[in-house]
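Examination of the molecular architecture
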Amino acid sequence: MRRRWLFWGCMMIVLGFIIIAGVKWMVSWHASQNWHSPLAGRVIVVDAGHGGPDGGAVGGSTEEKEITLKIAKDVRHYLQEMGALVVMTRDNDTDLSDDDYEGRHKRQDLVRRAELINKTHPDAFISVHLNAIPMPTLHGAQTFYHPKYSENRKLALFIQDSIKRNLGNTTRFAKPISHVYLLKKSEAPSALVEVGFLSNEQERALLVQRDYQKQAAASIGQGVMRYFTNEKVPSD
Ligand SMILES: [Zn+2]
């Protein structure tokens, strides 16, 4: 009888050690997962500019909406790899207005995008656009922010700095802008990236390439990631 008690006593002790070792392993595994997921627990809204009937800027036969969607999806991929939860304003060729809406579709689309952003309560909001202007020599990516919050400027400085470092296509600075509806309405730290000029032939040739789109997206994603670290804010 006593031997049996001794046996079960030993078994319980061994089992106890196994459980403790298991818990320790799980804690260290979890910590290592977080180590590789710097954006774990962060929610980011990514906006692909334009869509559906609104093609946005045009250069040659290329419409802005096609490229913003590809780059925005690549940004989503990058941020998800870093552990973030990403919500897109659109992930196909549509806008957010109703087909039978009798008012201004663009207005309804933007109002709904703003509602989606603020309803999500994200940690950051990024909008992706391309430029086109009548001066074909202008080129280079530029990040814009609304000056209402200092966090907006900080986020834009990190993104512009990462673009300068990685994409190397620009000497432009992060710039305040007050009249962009989504930046004005967003309650989260926000930035809008004009990834390049469709009106510049050389840049357009790059902007349609998948490799370049992925590189641009990774630069934006890296800027977002650096914003959430304790890294010193880059200067202009
Ligand atoms: Zn645009």
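What counts, and at which threshold
- Residues numbered from 1 in each chain as written.
- Predicted model: local features only at pLDDT ≥ 70, side-chain atom pairs only at ≥ 80, totals over all residues.
- Heavy atoms only, no water.
- Phe/Tyr/Trp six-rings, centres within 6.5 Å; stacked < 30°, edge-to-face > 60°.
- Buried < 20%, exposed > 50% of the residue type's maximum accessible area, 1.4 Å probe, protein only.
- Donors = N, O, S within 2.8 Å, 3.2 Å for Na, K, Ca; no water.
- Helix = DSSP H or I, 4+ residues; strand = E, 2+ residues; numbered from the N terminus.
- Expected span 1.5 Å × (residues − 1).
- Contact = heavy atoms within 4.5 Å.

**A few points about the packing of aromatic side chains**
Under the counting rule described, the total for this entry stands at 2 aromatic pairs. Taken together, a centroid distance of 5.2 Å and an interplanar angle of 75° make the contact between Phe7 and Trp8 edge-to-face. For Trp8, a relative accessible area of 48% gives the class partly exposed.

**Quick notes on the coordination of the zinc ion**
Within the protein, the zinc ion binds to His50 (NE2), Glu64 (OE) and His129 (ND1); these donor distances fall in the range 2.0 to 2.1 Å. In primary sequence terms, the donor set of the zinc ion follows H-x13-E-x64-H. Of this pair, His50 sits in the loop between strand E1 (43-48) and strand E2 (58-59) while His129 sits in strand E5 (residues 124-131), and the two are 79 residues apart along the sequence. For the pair His50 and His129, one class covers both residues: buried.

**Overview of helix H7 (residues 210-227)**
Given a rise of 1.5 Å per residue, 18 residues ought to cover 26 Å, and the 26 Å separating the end C-alpha atoms of H7 matches this to within 8%. Here H7 has its buried residues at Tyr212, Gln213, Ala216, Ala217, Ser219, Ile220, Gly221, Gly223, Val224, Met225, Arg226 and Tyr227. The inward-facing, buried residues of H7 contact E1, helix H2 (64-81), E5, helix H4 (150-166), strand E8 (190-197) and helix H6 (201-207).

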